[in-house]
Amino acid sequence: MAAESAQDPLIRSIDNVLAAWRQGDCALGEHWFVHRLDKSIAVTDAGRVAAEAGADLAEQEVQGFVVVTQTCDVVRSCAERPFVEICPLVEVDDDRLREIQRGRRPAYAFVVLLSARRLVADLDRVMTVEKPLLATWERTPGWSTDAEARAFALALSRKRVRFAFPDDFTALARKLQSRMADKHEKNTGEGHGLRALREIRVHASPSWDAPQVDIFFWFVRNESDADFEGKNWADLSKEWLKLVPTTGRFKSIEGQVLTLQDMNAGEYVDSDPLDLDHLSTGLSSNDGFPQA
C-alpha cells in the first residue's frame with residue numbers, strides 16, 4: 001500500500017500533463033520507430049541492418065509521431081489505460097501532400113497544422129508506448145477546429161474500414177473511377193461538379209452476393225453547390241452512369257445526385273462508400289464534414 005500511495009502523486013502528475021493531449025496531436029523532433037522483424041528475411045533498409053547485426057528489432061529515425069488513440073482513451077488515467085498508439089510522421093513532396101489531403105493515399109493521414117512542413121502520418125506503421133513516455137514529449141497540436149479533428153479521424157477510419165467490394169463490381173466501376181480521376185482537377189463544369197461531391201455511396205439489392213444485383217449510386221454533393229456554370233446535376237450523373245453499363249449479374253444500374261440532408265438514415269447505412277482515390281477530404285466550413 002505504501003508503494004502504491006507513493007506512486008499516486010506521480011500518476012496524477014502524468015495524468016495532468018496528458019489531459020491536454022488529443023488524437024491527432026504530435027511530438028516533433030528526433031524520435032525512433034521500432035518494429036519487430038524476421039531475421040531470415042527483412043524487407044526494409046532498417047530491417048536489413050538489424051538482421052545483419054543479428055537483432056530481431058529494427059529502429060528507424062523519424063521526424064516525430066502523431067497520436068492515433070482516441071482522445072477519450074488518451075486522457076483516461078494511465079493507471080487504468082497505460083498505453084497509447086502512435087504513428088510516425090514522414091515528410092512528403094508537394095504533389096504527394098496534395099494527394100493525401102484529397103484522400104488519394106489511404107495509407108497516410110493529413111495533419112493540417114503540419115502541412116507547411118509537409119509532414120503527414122504514416123498509417124502503415126503503428127507503435128504502442130506507455131503514457132509516461134508520451135508525457136515527456138512536447139505536445140504540438142495537429143488541428144485547431146472540430147472539422148479538422150473529424151477529417152483526421154475519418155482518415156484513420158478509411159484506412160481500417162473500407163468496404164471490400166466484389167471483384168466484378170470493382171471491374172465494372174473502373175471506367176467511372178478513371179474518368180473521375182482524370183476530370184477531377186480540370187477547370188470544367190464536370191471538374192467543378194466532381195470537386196463538389198463529398199462522397200459516393202453504392203447500394204446493392206438484394207445483396208452484393210446475390211446472383212442478380214441491382215446497383216444504385218448515391219452521388220452526395222455539398223449543400224452549397226446547388227448549381228454551377230449552368231450545368232445540370234442530372235446531366236452529369238447521366239454521363240457518369242454511362243460508364244457503368246449493366247453486365248454480368250448486375251442487371252440494373254441507376255443513380256441520383258443529392259445532398260446528405262436529402263438521404264434518410266436507412267439509405268445511408270444500407271449503402272457502402274465508394275473509395276475512389278481522387279475524392280478529396282478537404283474541409284467544408286458549412287458543416288464541418290469532409291468534402292471533395
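Predicted, not measured: the structure shown is a model, and the values here were computed from it. (Residues numbered from 1 in each chain as written. Predicted model: local features only at pLDDT ≥ 70, side-chain atom pairs only at ≥ 80, totals over all residues. Heavy atoms only, no water.)

(A) Quick look at the sheet that holds strand 9 (residues 250-259). Pairing in this open sheet of 4 strands is mixed, and the strands run 9-8-7-10 from one edge to the other. Here the strands that pair on one side only, and so sit at the sheet edges, are strand 9 and strand 10 (272-273). (Pairing = 2+ DSSP bridges. Helix = DSSP H or I, 4+ residues; strand = E, 2+ residues; numbered from the N terminus.)

(B) Spotlight on the pairing of strand 7 (residues 197-205). Extensive coverage of strand 7 is indicated by the burial of 7 of its 9 residues. Direction of pairing for strand 7 relative to strand 8 (residues 213-221): antiparallel, over a ladder of 8 bridges. The partner of R201 across the bridge, within strand 8, is W218. Across 2 bridges, the pairing between strand 7 and strand 10 is antiparallel. Bridge pairing in strand 10 places V202 opposite D272. (Buried < 20%, exposed > 50% of the residue type's maximum accessible area, 1.4 Å probe, protein only.)

(C) Fine view of the environment of Y268. Summarising the element assignment, Y268 is placed in helix 11 (residues 265-269). Residues Y268 and R201 lie 67 residues apart in sequence; the distance between their C-alpha atoms is 7.9 Å. When sequence neighbours within four positions are dropped, the list of residues in contact with Y268 reads E199, R201, L260 and M263. (Contact = heavy atoms within 4.5 Å.)

(D) Representation of the environment of A27 in the model. Inspection of the secondary structure puts A27 in strand 1 (residues 26-36). Classification of A27 as buried rests on a relative accessible area of 1%. Each C-alpha atom of the pair A27 and L89 lies 9.1 Å from the other, and the pair is 62 residues apart in sequence. Ignoring any residue separated from it by four or fewer positions in sequence, one finds A27 in contact with W21, Q63, G64, F65, L89, W137 and E138.

(E) Local environment of the pattern of salt bridges. Overall, the coordinates contain 20 salt bridges when judged by the stated rule. Note that D45 is salt-bridged to R48, the shortest N-O span being 2.6 Å. Here D45 pairs with R48, and both are found in helix 2 (residues 45-52), just 3 residues apart, close to one helical turn. What makes R48 partly exposed here is its relative accessible area of 37%. The shortest N-O distance in the salt bridge between R118 and E91 comes to 3.1 Å. Of the two residues, R118 sits in the loop between strand 4 (108-110) and strand 5 (119-122) while E91 sits in strand 3 (residues 83-91), which places them 27 residues apart along the sequence. Its relative accessible area of 28% is what places R118 among the partly exposed residues. (Salt bridge = Lys/Arg side-chain N within 4 Å of Asp/Glu carboxyl O.)

(F) Highlighting the pairing of strand 5. Sheet topology places strand 3 next to strand 5; 3 bridges connect them, and they run antiparallel. Across the sheet, L89 pairs through a bridge with A121, a residue of strand 5. Pairing between strand 4 and strand 5: 3 bridges, direction antiparallel. Each residue of the ladder has a partner; that of Y108, found in strand 5, is D122.

(G) Representation of the packing of aromatic side chains in the model. Scanning all chains against the criterion turns up 9 aromatic pairs. With a centroid separation of 5.1 Å and 50 degrees between ring planes, the pair formed by F219 and W240 is classed as tilted. Separated by 21 residues along the polypeptide, F219 in strand 8 and W240 in helix 10 (residues 233-241) bring together distant segments of the chain. Under the relative-accessibility criterion, F219 is labelled buried at 0%. (Phe/Tyr/Trp six-rings, centres within 6.5 Å; stacked < 30°, edge-to-face > 60°.)

(H) Region of interest: helix 10. Residues W233, L236, S237, W240 and L241 constitute the buried set of helix 10. Down the axis, helix 10 shows its buried residues gathered within 130 degrees of arc, on one side only. Looking at the packing, one finds that the buried side of helix 10 touches helix 8 (174-183), helix 9 (189-195), strand 7, strand 8 and strand 9. (Arc of directions from axis to C-beta.)

(I) Representation of the confidence of the model for the protein chain in the model. For the protein chain, the mean per-residue pLDDT works out to 86, and 89% of the residues sit at or above 70. Taken as a whole, residues 1-6 scores under 50 in pLDDT and shows 0 contacts with residues more than four places along the chain or in a different chain. For residues 277-292, every residue scores under 50 in pLDDT, and the model assigns this stretch 61 contacts once sequence neighbours within four places are set aside. (pLDDT = per-residue confidence, 0-100.)

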